[in-house]
Amino acid sequence: MAQAIRMALHYAEEHLGVTDIFGEDVGPPLGGVFTVTQGLKTAWNSPLDERGIIGVAMGLAMAGQRPVAEIQFCDYIYNTIDLLKMAGNTCWTTDGDWNLPMVVKTPVGSGIRGSVYHSHSFDATATHIPGWKIVMPSTPLDAYGLMVSACQDENPVMFLEPKALLRVKGEEPIPGEPTDERTLSKMIDAPLGDRSKWKPEWPALQPYAVPIGKAKVVREGDALSVVSYGRTLPLCVRAAAELAEAGIHAEVIDLRSLWPYDWEAIRASVEKTGKVLFVNEDTEVTNFGEHLLRRTVEDLFYQLEAAPRLLAGKFIPGIGLADALELASVPQLGDITEAIRTLAAAQP
Amino acid sequence: MSERGPNRPRPQLVRAEAGALSLDRELLVRMHALMVKARVLEERLIQMYKAGHGYFWIGGPGEEAFSVPLGLLMKKGQGPAFDYLHGHYRQAGTLLALGEEPLGALRQMKNTASDPYSGGRNFAGHFTKRAWNIAPITSPIEVQYVIAPGTAMAQKRFGGDGITIVTGGDAGTAEGDFASCLVWSSRPGNELPILIIVTHNQWGISTAASTQQGPKSIADRGKAFGMRTASVDGNDAVSSYLALQDAFAYVRSERKPFVLEAMVSRLYGHSSASGANFVPGEVDCIASFEELLEKKGILSRAAMDQVRERWTKEIGELARQVRDEPLPGPESIWRNVYKEKP
């Protein structure tokens, strides 16, 4: 997925007018702590100053540039919250005088044993900030397509990168990438050691965009609907595959966009299955899944055959380092399988 | 002025020689007219607040000697070839000097649907005008300092002589955003064409600057970043014009940052939250400018009175017009959450 985002950013700086890809350690020699921005011609290193990063992105967008700003881990985005609020309200507050075409990307979530300050999620907080569009892919192809859409948007877009999936290989190729992964790696991954003379050899990438606001049914089923995004999405797919062998056929929806989100996709699925489980790993109190759950109750109550459920992260101050602590703090495969099994068995 | 703190060290100020008016007569007359216009506008806004024709007032009476020359020296237009202003909520004088008419400010005060800056959504003094590179003025103080380097960066890239100007008050320089501005404007090899201005009125609402910040001069903070700096008596219109002219010329030609601190008055307190009543004991920049103009034979007392009468009448009529204009409808809350197609 890291390569997919990198290729989307390359495509965006070549074809979509992206002028600045910046943040701490984003430019050479490192190219991002997850290698997402290696070899990009407009990538540069910024001071270690998150408020500066967001503020400068806003200023660049005001002056007709198209910035993609990175906050190295979403755990460090919190001191920019009023600037994020302002980026989100600028168009509204000025009654349309200004708009800010800018992208903020930041790795989110658990899965790398990142302990207290490299494991948090941001989807619950991001969806509390109106005026932004918020996307979160779970596959490399969607990461590519959503980043392309983000870089075409006339409004601020928050691109949440599930860090546990950044090293995942996609089942569907990025249009234009070589089929052999070693060939691709040789072309666009920076070498170890001295990189001062290295230049990437970009594949001839094709335009491909995933529209913001469109979910995807990734597995069809009729027993219940499972709605997720980011790290937990592939776990939901695995759980559904396991349970299918036991005769429980869950439908799995990858939301992909958190705002605006594809209510029609959720509605159509829940009307078919009568049961729904929302899964994400942000802390469960005032969680985005709670909003989806509320809307399900309000709009689809009489179509429901069981109480809708939310499986989310525990409401605790952090995610601890030790294996057992992380595993107990955020939903894992077993938790999801169990939640699906329980909901599927619920009787009206 | 013991209320400002007894031991407040004063920075050394750039002060124009009183005897030699280095600006030509036409400019002085124009500056005077705009300063009075800005003051009359602010006093009318305060009146509207007190009469119940607005919920809140905040503005810049007392800063006209500085805010007007600032507007006169800006290169007005849209895009990186022109100057960007990231102002704060005491900036009416600058907007009027750029050629803005007072009607919009009155409409924003009355939060009418016709308010050109926010459609009735935002407080008085919260200007925006993309067509002139006026970035939206917001209530959180000092955030503009961390946004401004972005437009300056685009201008450095663009070439030409357009610059970015950012202004804020002294109290807010305690925020990290001011330090961010200094850092981002002076990255080695990436110095930005940005004029960093602090209008220093020695107050943060009710808190005296002398009780919170140690440095003798805020401008001096720029020195640690290798920036040119100056402090000016912002109550002196001629000195302000000259100091700004010098700073503009440096930033335009050198494409490097400059910190300018202007010592100004706050004639009606922080905002309507503190009553918006005239504060005795502060220097009134218009009174002292008029004294100078009269003494030098630039304008007679009668001519200056006429200027004030003219604006009082015209702005009063505009205020009456605005009073009966419709307010925004409830359905308008959904407008422009995202950019809408024209």
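Residues numbered from 1 in each chain as written. Chains lettered and ligands numbered in written order. Predicted model: local features only at pLDDT ≥ 70, side-chain atom pairs only at ≥ 80, totals over all residues.

1. With respect to the overall build of chain B
Right, so step 1: For chain B, the helix and strand inventory stands at 9 helices and 9 strands.
Right, so step 2: The C-alpha atoms of chain B give 19 Å as radius of gyration, which agrees with the globular expectation for 342 residues (20 Å, within 12%).
Right, so step 3: On the principal axes, the C-alpha backbone points of chain B span a range of 55 × 55 × 40 Å.
Right, so step 4: Counting every position in chain B, which comprises 342 residues, the buried fraction comes to 51%.
Right, so step 5: Relative to all contacts within chain B whose residues are 6 or more apart in sequence, the contacts with residues 24 or more apart total 76%. (Helix = DSSP H or I, 4+ residues; strand = E, 2+ residues; numbered from the N terminus. Rg over C-alpha atoms; globule rule 2.2 N^0.38 Å. Buried ≥ 20, exposed ≤ 12 C-beta atoms within 10 Å, placed from the backbone. Contact = placed C-beta atoms within 7 Å.)

2. Let's talk about the interface of chain B and chain A
Right, so step 1: Listed as interface residues are 35 residues of chain B and, on the opposing side, 31 residues of chain A.
Right, so step 2: Mapped by element, the contributors of at least two residues to the side of chain B that touches chain A are helix H5 (143-158) and helix H6 (176-185) of chain B.
Right, so step 3: For the side of chain B that touches chain A, the leading source of residues is H5 of chain B, giving 10 residues.
Right, so step 4: Its residues assigned to classes, the side of chain B that touches chain A shows 17 nonpolar, 12 polar and 6 charged. (Nonpolar A, V, L, I, M, F, W, Y, C, P; charged D, E, K, R; others polar.)

3. Focus on the sheet that holds strand S1 (residues 84-86) of chain B
Residue and element names in this part refer to chain B.
Right, so step 1: With parallel pairing, 5 strands are arranged side by side in an open sheet as S1-S2-S5-S9-S8. Each edge of the open sheet is held by one strand with a lone partner, namely S1 and strand S8 (228-233). With direction set aside, neighbouring strand axes in the sheet form an average angle of 15°.
Right, so step 2: Relative to strand S9 (residues 258-263), strand S5 (residues 194-200) is paired through 6 bridges, and the arrangement is parallel. If you follow Ile-197 over to S9, its bridge partner there is Leu-260.
Right, so step 3: Sheet strands touched by H5: S1, strand S2 (164-169) and S5. Its angle to S2, the strand with the most contacts, is close to 170°. (Pairing = 2+ DSSP bridges. Axes fitted to C-alpha atoms, helices over the stretch in contact; angles between N-to-C directions.)

4. With respect to the domain arrangement of chain A
Residues and elements named next belong to chain A.
Right, so step 1: Under the domain assignment, chain A is made up of domain 1 (2-188) and domain 2 (216-345).
Right, so step 2: Computed over C-alpha atoms, the centres of domain 1 and domain 2 are 25 Å apart.
Right, so step 3: On the side of domain 2, 25 residues touch domain 1, which itself brings 24 residues to the contact.
Right, so step 4: Breaking the side of domain 1 that touches domain 2 down by element, the ones donating at least two residues are helix H4 (123-126), strand S5 (133-135), helix H5 (140-152) and strand S6 (157-162).
Right, so step 5: A per-element tally of the side of domain 1 that touches domain 2 places S5 first, with 3 residues. (Domains from an automatic or database assignment.)

5. Some points on the environment of Pro-200 of chain A
All names here are of chain A.
Right, so step 1: Along the chain, Pro-200 turns up in the loop between helix H6 (181-188) and strand S7 (216-219).
Right, so step 2: On the neighbour-count criterion, Pro-200 (18 C-beta atoms within 10 Å) is partly exposed.
Right, so step 3: Separated by 160 residues in sequence, Pro-200 and Leu-40 have C-alpha atoms that sit 8.3 Å apart.
Right, so step 4: Once residues within four sequence positions are removed from consideration, Pro-200 is found in contact with Gly-39, Met-187 and Ile-188.

6. Some points on the environment of Ala-240 of chain A
Right, so step 1: Relative to the helices and strands, Ala-240 of chain A resides in helix H7 (residues 232-244).
Right, so step 2: Residues in contact with Ala-240 of chain A, not counting those within four places in the same chain, are Arg-219, Gly-221, Val-226, Ala-250, Val-252 and Ile-340 of chain A.

7. Examining the packing of helix H2 (residues 50-62) of chain A against helix H3 (residues 81-93) of chain A
All names here are of chain A.
Right, so step 1: Contact geometry of H2 with H3 gives a least axis separation of 9 Å together with a crossing angle of 15°. When the axes of H2 and H3 are compared, the pair comes out roughly parallel. Judged by the sense of rotation from one axis to the other, the crossing of H2 with H3 is left-handed. Seen from H2, the contacting residues are Arg-51, Ile-54, Gly-55 and Met-58; seen from H3, they are Leu-83, Leu-84 and Ala-87.
Right, so step 2: A per-class count over the contact of H2 with H3 returns 5 nonpolar, 1 polar and 1 charged. (Parallel < 35°, antiparallel > 145°, perpendicular 65-115°, else oblique. Left-handed = near helix turned anticlockwise from the far one by under 90°.)

8. Description of unusual backbone geometry
Residue and element names in this part refer to chain A.
Right, so step 1: Of note, the amide linkage connecting Pro-28 to Pro-29 takes the cis form, showing an omega dihedral of 10°.
Right, so step 2: Tracing the backbone through its elements, the reader meets Pro-29 in the loop between strand S1 (20-23) and strand S2 (43-45).
Right, so step 3: Positive phi values are uncommon outside glycine, yet Thr-35 reaches one of about 65°.
Right, so step 4: With respect to the helices and strands, Thr-35 occurs in the loop between S1 and S2.
Right, so step 5: The partly exposed category is assigned to Thr-35, around which 18 C-beta atoms lie within 10 Å.

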